[in-house]
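Take a look at the letters that make up each chain.
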Amino acid sequence: KAGVTQTPRYLIKTRGQQVTLSCSPISGHRSVSWYQQTPGQGLQFLFEYFSETQRNKGNFPGRFSGRQFSNSRSEMNVSTLELGDSALYLCASSKGAGTGVDTQYFGPGTRLTVL
Amino acid sequence: AQSVTQLGSHVSVSEGALVLLRCNYSSSVPPYLFWYVQYPNQGLQLLLKYTTGATLVKGINGFEAEFKKSETSFHLTKPSAHMSDAAEYFCAVSDGRPGRRALTFGSGTRLQVQP
C-alpha cells in the first residue's frame, strides 16, 4: 500500500507571498492532519480534516488554512508568508472514524524556506 | 490538556550498548502513547504504540516500551544499539475522542551511536 505523499518536497518563497502544500493520504484513510516542525517550537499541530470538514485546529493564526477534497487529498495554504514560517510541514493520515486510538502515519514533509 | 516531557535532548551510546530514552506524559484522560523516529530529511516513522492492554509494547527494529501508569512514563528501550539507530526520537500522546486526537509531541531526543 502506498504511503502518504507530499508535494512539493522543497519550496523557497519570499516574505509576503503565499504558498500551497499538498498531501495525498494512504488509500482508505479519511483523516488528514498537518503539523509544523521548527527547531525552536518543535512539532506543533496545525489542523485536522475529516470528510472534507475541519475537525480540530491548533493555535495558529488565520494565515494558515487548509481544505480537504472528496478523495481525501488535502491542501494547506499559508498567506502573507513571514520569516518564521520557515519549517518542515508534515502531513499525517489516519482512518479517522470511530473512537479510540487513531494511528497517524506521516509523509516525508515539505521543507519551506521563506527569504 | 496533555503534555509530554522527554528527558535528555541528546543521548550518546556505544554500538551494542543499551538504549534508554525517557518519556513522561501528562493527560487528563486515559492516554494513547506513541514513539516515532525521524531520520535526517525524512518524515516521522511509527516505532510503536500503546493503546490498552499489555503494558510492554514491542515495536519495529527491536525497540520496546513499557507503559507505567503510576509513574506516568513510557520509556523506550533497545537492548543493543546499532549504528543505524542514530536518529531523532519523539514521544507523543493523544486521546481517543474524535476531533481531539491530535498528537502532542515531546521535544525529541537525538540518539548518537558511537562505533
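Remember, predicted model here, so these are calculated numbers, not experimental data.

As a working rule, side chains carrying opposite charge can pair if their charged atoms are close by. This structure, assessed with the given rule, holds nine salt bridges over all chains. E82 of chain A is the partner of R63 of chain A in a salt bridge, and the nearest nitrogen-oxygen pair spans 3.6 Å. Taken together, the positions of R63 of chain A in the loop between β6 (53-57) and β7 (64-68) and E82 of chain A in the loop between β8 (74-78) and β9 (87-94) put the pair 19 residues apart, joining distant regions of the chain. A relative accessible area of 16% means that R63 of chain A is categorised as buried. Two residues, D95 of chain B and R97 of chain B, come together in a salt bridge whose shortest N-O distance is 2.8 Å. Its relative accessible area of 35% is what places R97 of chain B among the partly exposed residues.

So, about the environment of A2 of chain A. Mapped onto the elements of the fold, A2 of chain A is located in the segment before β1 (5-7). Sequence separation between A2 of chain A and A92 of chain A is 90 residues; the distance between their C-alpha atoms is 13 Å.

In many reports, interface size means the accessible area that the parts give up when they come together. Contacts between the two partners involve 23 residues from chain A, matched on the other side by 20 residues from chain B. For the pair chain A and chain B, the two sides together bury roughly 1,800 Å², of which 54% comes from carbon and sulfur. Considering only the side of chain A, the residues that lose the most area to chain B are L43, V101 and F106 of chain A, jointly responsible for 30% of the buried surface there. In this assembly, chain A and chain B are joined by zero salt bridges. Taken together, the links from chain A to chain B amount to seven residue pairs in polar contact (both at pLDDT 80 or more). Of all the secondary-structure elements, those providing two or more residues to the side of chain A that touches chain B are β4 (31-38), β5 (42-50), β6, β9 and β10 (105-106) of chain A. At three residues, the largest contribution of residues to the side of chain A that touches chain B is made by β5 of chain A. Residue composition of the side of chain A that touches chain B, grouped by class: 10 nonpolar, nine polar and four charged.

Our focus in this paragraph is the sheet that holds β1 of chain A. Residues and elements named next belong to chain A. Spatial ordering of the open sheet is given by β1-β3-β8-β7, a layout of four strands whose pairing is antiparallel. Among the strands making up the open sheet, the edge pair consists of β1 and β7. Averaged over neighbouring strand pairs, the angle between their axes works out to 20 degrees when direction is ignored.

Quick look at the nonpolar core now. Buried together is how nonpolar side chains tend to be arranged in soluble globular proteins. Ranked by internal contacts, the top residues of the largest apolar core, which has 26 residues, are W35, L47, L48, F74, L76 and Y89 of chain B. For this core, the element with the highest residue contribution is strand β10 (residues 87-94) of chain B, accounting for four residues. Not counting residues up to four positions away in its chain, the partners in contact with L76 of chain B are V19, L20, L21, W35, L47, L48, F63, E64, A65 and Y89 of chain B. The next biggest cluster of nonpolar side chains, apart from the first, holds 21 residues, and it includes V4, F47, F64 and V114 of chain A.

Now for the packing of aromatic side chains. Counted under the stated rule, the structure contains 13 aromatic pairs over all chains. A ring pair is formed by F63 of chain B and Y89 of chain B, whose centres lie 5.5 Å apart and whose planes are at 45 degrees; its orientation type is tilted. Placement of F63 of chain B in the loop between β7 (56-58) and β8 (64-68) and of Y89 of chain B in strand β10 is noted, with a sequence separation of 26 residues between them. F63 of chain B gets classed as buried once you look at its relative accessible area, which sits at 2%. Joined through ring pairs, the aromatic side chains of Y35, F45 and F106 of chain A together with F34, Y36, F90 and F105 of chain B make up one cluster. Across the ring face of F50 of chain A, the terminal group of R55 of chain A is positioned such that the distance to the ring centre comes to 4.2 Å.

With that out of the way, let us pick up the environment of F47 of chain A. Residues and elements named next belong to chain A. Position of F47 among the secondary structure elements: in strand β5. A relative accessible area of 1% places F47 in the buried class. For the pair formed by F47 and Q37, sequence separation is 10 residues and the distance between their alpha carbons is 14 Å. The contacts of F47, once residues within four sequence positions are left out, are V32, S33, W34, Q54, N56, K57, G58, F64, S65, G66 and M76.

The rules behind the values
- Residues numbered from 1 in each chain as written.
- Chains lettered and ligands numbered in written order.
- Predicted model: local features only at pLDDT ≥ 70, side-chain atom pairs only at ≥ 80, totals over all residues.
- Heavy atoms only, no water.
- Salt bridge = Lys/Arg side-chain N within 4 Å of Asp/Glu carboxyl O.
- Helix = DSSP H or I, 4+ residues; strand = E, 2+ residues; numbered from the N terminus.
- Buried < 20%, exposed > 50% of the residue type's maximum accessible area, 1.4 Å probe, protein only.
- Contact = heavy atoms within 4.5 Å.
- Buried area = accessible area lost by both parts, 1.4 Å probe.
- Polar contact = N/O pair within 3.5 Å; in protein donor to acceptor, adjacent residues only side chain to side chain.
- Nonpolar A, V, L, I, M, F, W, Y, C, P; charged D, E, K, R; others polar.
- Pairing = 2+ DSSP bridges.
- Axes fitted to C-alpha atoms, helices over the stretch in contact; angles between N-to-C directions.
- Core = buried A, V, L, I, M, F, W, Y, C linked by side-chain atoms within 4.5 Å.
- Phe/Tyr/Trp six-rings, centres within 6.5 Å; stacked < 30°, edge-to-face > 60°.
- Lys NZ or Arg CZ within 6 Å of the ring centre and 35° of its normal.

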